[in-house]
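Now for the letters of each chain:
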Amino acid sequence: MTNTAHDDGFVVFDHVQKSYDGQSLVVKDLNLSIGRGEFLTMLGPSGSGKTTCLMMLAGFETATHGQILLDGTNINDVPPHRRGIGMVFQNYALFPHMTVGENLSFPLEVRGLGKAEREERIKRALDMVQMGAFANRRPAQLSGGQQQRIALARALVFDPKLVLMDEPLGALDKQLREHMQFEIKALHERLGVTVVYVTHDQGEALTMSDRIAVFNDGRIQQLAVPDALYERPENSFVAGFIGENNAINGMIDSLDGDRATVMLRNGDKIDATAVNVREVGQATTVSIRPERIEFKPELMPEGAHTLPAEVLDVVYMGDILRTRLKVAGQEDFVMKCRNTLGQARLTPGDSIRVGWHPQDARALDPV
Amino acid sequence: MASPLDPHAAIVTEAGGIDAPLTTADGQPLHRALARASRRARWRAFLLVAPLLAFILLTFVMPIGQMLYRSVHNDGFSANMPQISAWFAETEPGTTPDEAAFAALANDIQASAEARSVGIVGTRINYELPGTRSLFTSTGRKLRDGVEPPYREAMLEIDRKWGDPELWASMRNSSTAYTDSFYLASLDRTRDVNGDIVQVNENRRVYIMLFMRTLWLSALVTFMTFLLGFPIAHLLAVLPLRKSNLLMILVLLPFWTSLLVRTTSWMVLLQQQGVVNDLLIWLGVIDNAGRLKMMYNQIGTIIAMTHILLPFMILPLYSVMRTINPSYVRAARSLGATSWTAFRRIYFPQTLPGLGAGALLVFILAVGYYITPALVGGASGQLISNMIAEHMTGTLNWSMAAALAAILLGGVLILYWIYDRLVGIDNLKLG
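All figures in this text were calculated on a predicted structure; none of them were measured in a lab.

Peer 1: Looking at this model, I keep getting lost on the interface of chain B and chain A. Mind explaining?
Peer 2: One frequent convention defines the size of an interface as the accessible area lost when the parts assemble. Each partner contributes residues to the interface: chain B has 17 residues there, and chain A has 23 residues. Surface buried jointly by chain B and chain A totals about 1800 Å² across both partners, of which 64% is contributed by carbon and sulfur atoms. By the criterion of area lost to chain A, the three top residues of chain B are B:R330, B:L335 and B:R345, representing 38% of everything that side buries. Applying the counting criterion to the chain B and chain A interface returns 2 salt bridges. Of the charged contacts in the structure, one is a salt bridge between B:R330 and A:E61, with a shortest N-O distance of 4.0 Å. Looking at the side of chain B that touches chain A, the elements that each hand over two or more residues are α15 (326-334) and α16 (339-367) of chain B. A per-element tally of the side of chain B that touches chain A places α15(B) first, with 7 residues.

In structure tokens:
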């Protein structure tokens, strides 16, 4: 799906708040607009409010404050069965006393469709997930991946405009999960249906989504396309939650537009891009991706500040070499080098100098 | 059996494809080594259950077998009256007793009276024809002084009843040790003078009516426990565990009080001068003259039994409902079902194993219920088990009690079989 028409507001959360106990807010002032045909992922640790948002959208929870709009209409008071939203549950929730065919027939029966049309739609939906031969099986006779496909087919069989998925791949093993990610993505592109997907797996979110909303503490921390989220995190939480990250604490030494110099605790200075720092003397945490760190002088930009580093250990991971360094007194500094032909092999105890492009070092809020 | 996924299938085909049987490393045939290895495990398992098995055999299977045997075997007459029993064996039913028959009868009664067993004989005939025990004992007393031929005249002189064809039919029915007469009596049937099976007199027909009433009341009580228990079980299953445990104590509380106490407290509540009537009068629903009769009739039996059997419905239902993931109903709702449709088509069918177990449990317990109907049932609330108890302790006709109990047992087994065919016994969840 191309990133067009993302803001035509097919689904809109307008100042939505949610409290379960009347004392604390699980969702704090949520504002989000999801475009028609978009694949939007709500990503966050457990307890961040992402599943609550999904349940409010599905109609199983009511918003304590604010409005939820679907296609321009307020659905706050519409019961779940009249919302016409397809949903895939974490445990699939296939009805165990019905066959696969009956499971798919259920949403069509309650909509009063005739037998011939039901059968045709069921066949189409099952073929879509390559499960055409399984209509007479019971869910218990299917493997996890097969159940997953049936759950997907059931959520799509009545042609909903919007499909919600609540960690649908959580119970599958790694290989199957990766396979299903691509299948779901392909289905989404083929059908053009709007998908709101909830997960705590950042890899899944990066692979599948048009946009990702990172949740923490009941708020959206950053809403962005996957590459922006990874390469340009807007705060320390996002930087730490998405991908591997080196965090160095320091203080803003000088500030010139978005270019900043950061003074580390041991007095060393590094270059960084100012993201959410405002004034000189402010404490900051600088975030640098491990694969953007260089130790060969010829690859570093001219005039870049470099830091002395001591190699602590090198882990051979096949495609990459993961090197742990002691930098500026911190022992958890990680550098990743591609395992190319002729790549220099470092050994523990080596002394090197490391550096990076200033736009790869992002001065964020202090942790 | 040998589907491609069956792990045994590969071994079977492999063994079939090789001519020589497989052996273990030291040359023994594989199947024999396997049999020996598993035999030891089987023996050990058997020894573990052996004490319980012996206990059940001694205290349960044997007494019940003995009891069932009694229902078809009663030699009270045949063992003590050998000559007349032999005459019955030789003649067709409906034969008019001749001089030889009277001679055999007189000799048997005389011998029996001397052995002091004529009372047993009389009791046995009394089961068939009430009011005849004294005939045997008085005749026995008179015959001890000796009897002269012609026997027919002599016997008729002692008592005119000896010429009654119905009495002879009863004696013929009792003349074999193995008899179906108790089963016939349990179904309000008997054999007439000609040996044909007929219904007993209208004023003696009680058992079929009692069986029907027992089944009907048990079904009603089962339905009532379902109506009352289903919402409670659902509430228990959806509440947080801490609250549901507290409520569960309330459900189980009746279990911890004596059955007798519970039944008597229902008597306090339900009697005409009782709490419920007083309350209704106070509320102005009824006036003092129109006090409701809720006890010593069927209503009393139904109310008390429903209350006492309620936990047996709630517990299996609860244990099944607890395992039903709430996301099923949510999924149904998101797929477009109203909450009623989601309940009817998704939730309720999944509770069926628990409902079936609860219904079967309550029904079987209700069919055999004794104390409650005895205390609060009155005449119209008596069940078949009260009649069994009456025969066990009142009339001492144990054969009759055994026959009634066996019919009850057979009925329950048939219901169990029907349930198995309809629902499947492996779908039963007792907790």
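Peer 1: I tried to follow the domain arrangement of chain A on my own but got confused; where do I start?
Peer 2: All names here are of chain A. When cut into domains, chain A gives domain 1 (11-236) and domain 2 (244-295 + 305-364). A separation of 38 Å is found between the C-alpha centroids of domain 1 and domain 2. Each side of the interface is counted separately: domain 1 has 8 residues, and domain 2 has 8 residues. Of the roughly 710 Å² buried between domain 1 and domain 2 on both sides combined, carbon and sulfur atoms contribute 41%. It is Y230, P233 and S236 in domain 1 that bury the most area against domain 2; as a group they hold 61% of the surface buried on that side. At the junction of domain 1 with domain 2, the criterion picks out 0 salt bridges. Taken together, domain 1 and domain 2 are joined by 4 residue pairs in polar contact (both at pLDDT 80 or more). Considering only residue class, the side of domain 1 that touches domain 2 consists of 3 nonpolar, 2 polar and 3 charged.

Peer 1: What's the story with the sheet that holds strand β4 (residues 65-70) of chain A in this structure? I'm lost.
Peer 2: Adjacent strands of a sheet form backbone hydrogen bonds with each other and so pair up, either parallel or antiparallel. Residues and elements named next belong to chain A. Spatially, β2-β1-β4-β5 is the arrangement adopted by the 4 strands of the open sheet, whose pairing is antiparallel. On the outer flanks of this sheet lie β2 (27-34) and β5 (73-74), each paired with one strand and no other. Alignment of β4 against β5, held across 2 bridges, turns out to be antiparallel. By the bridge assignment for β5, L69 is matched with N74. Each of β1 (11-18), β2 and β4 touches helix α1 (residues 50-58); the most contacted strand, β1, lies at about 120 degrees to it.

Peer 1: Looking at this model, I keep getting lost on the sheet that holds strand β3 (residues 39-43) of chain A. Mind explaining?
Peer 2: Residue and element names in this part refer to chain A. Taken together, the 6 strands give an open sheet; going across it, the order is β6-β7-β8-β3-β9-β10, and neighbouring strands pair in mixed fashion. Each edge of the open sheet is held by one strand with a lone partner, namely β6 (85-88) and β10 (219-224). This sheet shows a mean twist of 20 degrees between the axes of neighbouring strands, independent of strand direction. Contacting β6 and β7 (162-166), helix α4 (residues 144-156) runs over the sheet at an angle of about 170 degrees to β6.

Peer 1: Explain unusual backbone geometry to me, please; I cannot follow it from the model alone.
Peer 2: Across residues other than glycine, the phi torsion is negative in most instances, and most of the peptide bonds are trans. The residue after B:P149, namely B:P150, is reached through a cis peptide bond having omega -5 degrees. Even without being a glycine, A:Y92 presents a positive backbone phi close to 75 degrees. Summarising the element assignment, A:Y92 is placed in the loop between β6 and α2 (100-109). What makes A:Y92 buried here is its relative accessible area of 6%. With phi around 60 degrees, B:D188 is a residue other than glycine that occupies positive phi space.

Peer 1: Even after reading the chapter, I still don't get the nonpolar core, so can you show me in this structure?
Peer 2: Core analysis: the largest hydrophobic core is formed by 100 residues, its most contacted members being A:F13, A:M42, A:L57, A:F95, A:L162 and A:L164. For this core, the element with the highest residue contribution is helix α14 (residues 298-323) of chain B, accounting for 10 residues. Beyond its immediate chain neighbours, meaning those up to four positions away, A:L162 contacts A:F10, A:V11, A:L57, A:L70, A:G84, A:I85, A:G86, A:V193, A:T194 and A:V196. Grouped together as the second largest cluster of nonpolar side chains are 28 residues, B:M81, B:F88, B:M155 and B:W162 included.

Peer 1: Quick question: what am I supposed to make of the layout of surface pockets here?
Peer 2: Take a probe with the size of a water molecule and roll it over the atoms, and the empty space left behind shows itself. Residue and element names in this part refer to chain B. Considered as a void within the structure, the largest pocket measures approximately 700 Å³ in volume. In this structure, the largest pocket is lined by 30 residues; those nearest its centre are Y127, E128, P130, V200 and R204. Mapped onto the lining of the largest pocket, the elements with two or more residues apiece are α5 (118-128), α8 (165-174), α9 (181-186), β1 (189-191) and β2 (197-199). Both domain 2 (82-204) and domain 3 (207-427) contribute no fewer than three residues apiece to the lining of the largest pocket.

Peer 1: What exactly am I supposed to notice about the environment of B:R191 here?
Peer 2: All names here are of chain B. Mapped onto the secondary structure, R191 falls in strand β1. Placed 11 residues apart in sequence, R191 and D180 show a C-alpha to C-alpha distance of 9.9 Å. Look past the residues within four positions of R191 in its chain and what remains in contact with it is N173, D180, L184, D196 and I197. A polar side-chain atom of R191 sits 2.7 Å from a polar atom in the side chain of D180. Separated by 3.2 Å, the side chain of R191 and the backbone oxygen of G195 make a polar contact.

Peer 1: What is the right way to read empty space enclosed by the protein from this model?
Peer 2: Residues and elements named next belong to chain A. Per the stated rule, a full pass over the model turns up 3 cavities of 30 Å³ or more. Computed from the structure, the largest cavity encloses a volume of approximately 80 Å³. Lining the largest cavity are Y230, E231, P233, S287, R289, R292, Q359, D360 and R362. Taken together, the residues that form the lining of the largest cavity break down as 2 nonpolar, 2 polar and 5 charged. In this structure, the lining of the largest cavity is formed jointly by two domains, domain 1 (11-236) and domain 2 (244-295 + 305-364), each of which donates at least three residues. Quantified by volume, the second largest cavity comes out at close to 50 Å³. Contributions of two or more residues to the lining of the second largest cavity are made by α4, β7 and α5 (174-191). The greatest single-element share of the lining of the second largest cavity, amounting to 4 residues, is contributed by α5. Residues of the lining of the second largest cavity, tallied by class, amount to 9 nonpolar, 1 polar and no charged.

Basis of the calculations
Residues numbered from 1 in each chain as written. Chains lettered and ligands numbered in written order. Predicted model: local features only at pLDDT ≥ 70, side-chain atom pairs only at ≥ 80, totals over all residues. Heavy atoms only, no water. Contact = heavy atoms within 4.5 Å. Buried area = accessible area lost by both parts, 1.4 Å probe. Salt bridge = Lys/Arg side-chain N within 4 Å of Asp/Glu carboxyl O. Helix = DSSP H or I, 4+ residues; strand = E, 2+ residues; numbered from the N terminus. Domains from an automatic or database assignment. Polar contact = N/O pair within 3.5 Å; in protein donor to acceptor, adjacent residues only side chain to side chain. Nonpolar A, V, L, I, M, F, W, Y, C, P; charged D, E, K, R; others polar. Pairing = 2+ DSSP bridges. Axes fitted to C-alpha atoms, helices over the stretch in contact; angles between N-to-C directions. Buried < 20%, exposed > 50% of the residue type's maximum accessible area, 1.4 Å probe, protein only. Core = buried A, V, L, I, M, F, W, Y, C linked by side-chain atoms within 4.5 Å. 1 Å grid on protein atoms, 1.4 Å probe; cavity = no way out; pocket = protein on both sides within 12 Å on 5 of 7 lines; lining within 4 Å. Points joined across faces, edges and corners; volume = space filled by probe spheres on them.

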